[in-house]
Amino acid sequence: MERYLGACVFDYPRQMRLTISSTGFQNKTDIDDLTPYIDRSTRPCLLLFTAEHRWSPTVRLLTARYGDRVHKAQGDVDGVAERLRSDPNSIVCGMMRYWTGLDVNALGLVVIDKVPYEPDFYPRRSFMNELRLGNLWNNDYIERCNAKLVQGLGRLIRNAESRGRVAYIRDSRAWHPK
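These remarks concern the structure in this document. (Residues numbered from 1 in each chain as written. Predicted model: local features only at pLDDT ≥ 70, side-chain atom pairs only at ≥ 80, totals over all residues. Heavy atoms only, no water.)

1. Details of the packing of aromatic side chains
Consideration 1: Inspection of the entire model under this criterion finds zero aromatic pairs.
Consideration 2: If you follow Arg40 out to its NZ or CZ, it ends over the ring of Tyr37, 5.2 Å from the centre. (Phe/Tyr/Trp six-rings, centres within 6.5 Å; stacked < 30°, edge-to-face > 60°. Lys NZ or Arg CZ within 6 Å of the ring centre and 35° of its normal.)

Rendered as structure tokens:
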């Protein structure tokens, strides 16, 4: 995990408890693994997703369990931030646009569905390989993923005093990156 957080200004290991799991959110059992974290949180919960096919089933499963506490983050980032600030019981599920610019100091739990790897852009990679810059491509690719992951974790840790919160990454690649 240090590979992702190395260039960060915050002391994440001291400021939050981090759980990494290799399972997704596609069925009720996976949601059952997540619910103790949601139930213990006394502050709003934010679930960040990288893909629609993971977001929609999770929203359905959480809504079946938590009812109108669950909200789809749609539209204006400021509106989503206001919902999170005003309702301490809210569970908000959002896509990639909510990984940055969402400034809420009151979160109790951030769930990240997977490390935000971008789709590989093969024409650019081929061009860089022709120029014998393959390692530069790999380094650039990993750095962009790292930056997005830190942005997602940044929704939870907003300042140097933020403590005692949980980030839950549902992707084993966060533990053993390629």
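Having seen the model, we can carry on.
2. Focus: the nonpolar core
Soluble globular proteins tend to bury their nonpolar side chains together.
Consideration 1: With 21 residues, the main nonpolar core has Leu46, Leu84, Leu102 and Ile112 as its most contacted residues.
Consideration 2: If you list the elements that add at least two residues to this core, you get β2 (45–48), α5 (77–86), β5 (109–112) and α7 (134–153).
Consideration 3: Sorting elements by how many residues they give to this core places α5 first, with four residues.
Consideration 4: Apart from residues lying up to four places away in sequence, Leu102 is in contact with Leu46, Val77, Val80, Ala81, Leu84, Arg155 and Arg158.
Consideration 5: Counting 15 residues, the second-largest nonpolar core is a separate cluster that includes Cys45, Leu47, Val70 and Val111. (Core = buried A, V, L, I, M, F, W, Y, C linked by side-chain atoms within 4.5 Å. Buried < 20%, exposed > 50% of the residue type's maximum accessible area, 1.4 Å probe, protein only. Helix = DSSP H or I, 4+ residues; strand = E, 2+ residues; numbered from the N terminus. Contact = heavy atoms within 4.5 Å.)

3. Quick notes on the pattern of salt bridges
Consideration 1: All told, the structure shown has three salt bridges when counted by the stated rule.
Consideration 2: Between Arg54 and Asp113 there is a salt bridge, with the nearest N and O atoms lying 2.9 Å from each other. Within this pair, whereas Arg54 is found in helix α4 (residues 52–66), its partner Asp113 is found in the loop between β5 and α6 (122–130), the two being separated by 59 residues in sequence. With respect to burial, Arg54 and Asp113 carry one shared label: buried.
Consideration 3: Salt-bridge contacts for Arg85 lead to Glu82; the nearest nitrogen and oxygen are separated by 3.5 Å. In this pair, Arg85 and Glu82 both sit in helix α5, three residues apart, roughly one turn of the helix.
Consideration 4: By relative accessible area, which is 43% here, Glu82 ends up partly exposed. (Salt bridge = Lys/Arg side-chain N within 4 Å of Asp/Glu carboxyl O.)

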